[in-house]
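As a plain string of letters, each chain reads:
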Amino acid sequence: MNEPILNRGIGGLIPPKKSDRAYSFGAILKYASLSELPESYLIDENPIIHDQKDTDYCTAFMVVAMRQFQEGVKLSPEFQFAQTKKIMGSWQEWGADPKNASKAAILGLLEYAESPFTLEAKGRDFCANWENWPENYTELAKKHLTQAYFWIGESGGMEMFDEIRSALWRFKDEKRAVGVGALWRTSWVSKVSKDHPFIPTRYENDGTPHAFTVIGWENDFLVLQLSSGTQYGKNGIVYMPREVANKELIFSMMFSDIPKGMDKEDVLYLSSWYRSGFFKKILLLLGFGPWLWGRIVGYER
């Protein structure tokens, strides 16, 4: 446990790189029509607010916040982060990207009540090292599995703000939240308060990469559930204006099972088609011919 922590202090989010193999929400799950959306919507008025303190666990807190609504039970960010680090191959490296965090979540999430370790009791390094976790907890985590995660904001023809709202409304009955990330500006920390929990529209360029969760909206503000404790914002809740969301959010995603009648190969091809421009679509048709066209007509008509 005396090995150095790499890049400590640069923020807990490692921004994800684009991939041609990413699952597209718009291609597979479909956005709700904007005409259907109410002025406000909230998954839960009293969400569980965590506090990551001075650690790099923000992706883990984002993931468990998203899945807690669906699973109906408090989940362990410590176990989730250890499994993310196992996929990354290093618990010493500071931070995590949402792809690895989501891959770890697909393998299962441990209930908080079943976790033997907490950040408060054991600290960042001990909890992040997957070798400290007995193997039986991996089996316990399989009670809370999901199949996949889908990226929002890819060629949907809408602003990011509206795509997030449409995705939330599309799956309101399942209480699916949206995971997002941004460069959290220094002035957002200093100007957000309990009495004024609104992110300003004018701010400096400095900040640190941070992951968090969108749990609804009120008029032209997204409602954010953070992992900075109840002392920040309005009991841990902050409001992000439409123009800030469209400009600053660097990714958004949602967990979901793959629709019945599709397999992973279908999802990959349809997602690639959805993201493609005119000429790439021609190449896809030339390369896959009737096979791909049949799936486009069959799934998108």
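The text that follows walks through the structure, step by step, so that each part is easy to find. (Residues numbered from 1 in each chain as written. Predicted model: local features only at pLDDT ≥ 70, side-chain atom pairs only at ≥ 80, totals over all residues. Heavy atoms only, no water.)

**A short note on the nonpolar core**
Here's step 1: Of all hydrophobic cores here, the largest spans 70 residues; its most connected members are I164, L222, M240 and L249.
Here's step 2: Apart from residues no more than four positions distant in its own chain, I164 is found in contact with I152, V178, V180, V214, L222, L249 and S252.
Here's step 3: A96, L119, W130 and A141 belong to the second-largest nonpolar core, a separate cluster that totals 17 residues. (Core = buried A, V, L, I, M, F, W, Y, C linked by side-chain atoms within 4.5 Å. Buried < 20%, exposed > 50% of the residue type's maximum accessible area, 1.4 Å probe, protein only. Contact = heavy atoms within 4.5 Å.)

**Some details on the pairing of strand β7 (residues 251–256)**
Here's step 1: Most of β7 sits out of view: six of its six residues are buried.
Here's step 2: In this structure, strand β2 (residues 148–151) lies alongside β7, joined through four bridges in antiparallel fashion. Across the sheet, residue F150 finds its bridge partner in β7, namely M254.
Here's step 3: The sheet contact formed by strand β3 (residues 178–185) and β7 spans three bridges and is antiparallel. In the strand pairing of β7, G181 is matched with F251. (Helix = DSSP H or I, 4+ residues; strand = E, 2+ residues; numbered from the N terminus. Pairing = 2+ DSSP bridges.)

**Some words on the packing of helix α3 (residues 77–88) against helix α5 (residues 119–128)**
Here's step 1: Where α3 contacts α5, the two axes come as close as 10 Å, and the packing angle between them is 10 degrees. By the criterion of interaxial angle, the relationship of α3 to α5 is roughly parallel. Contacts from E78, F81, A82 and K85 in α3 reach L119, E120, R124, C127 and A128 in α5.
Here's step 2: Split into classes, the residues belonging to the contact of α3 with α5 amount to five nonpolar, no polar and four charged. (Axes fitted to C-alpha atoms, helices over the stretch in contact; angles between N-to-C directions. Parallel < 35°, antiparallel > 145°, perpendicular 65-115°, else oblique. Nonpolar A, V, L, I, M, F, W, Y, C, P; charged D, E, K, R; others polar.)

**Focus on the environment of E131**
Here's step 1: Within the fold, E131 resides in the loop between α5 and α6 (136–140).
Here's step 2: Each C-alpha atom, one on E131 and one on Q83, is 9.9 Å from the other, the two residues being 48 residues apart in sequence.

Everything listed here is a matter of coordinates, which is why it stays silent on function.
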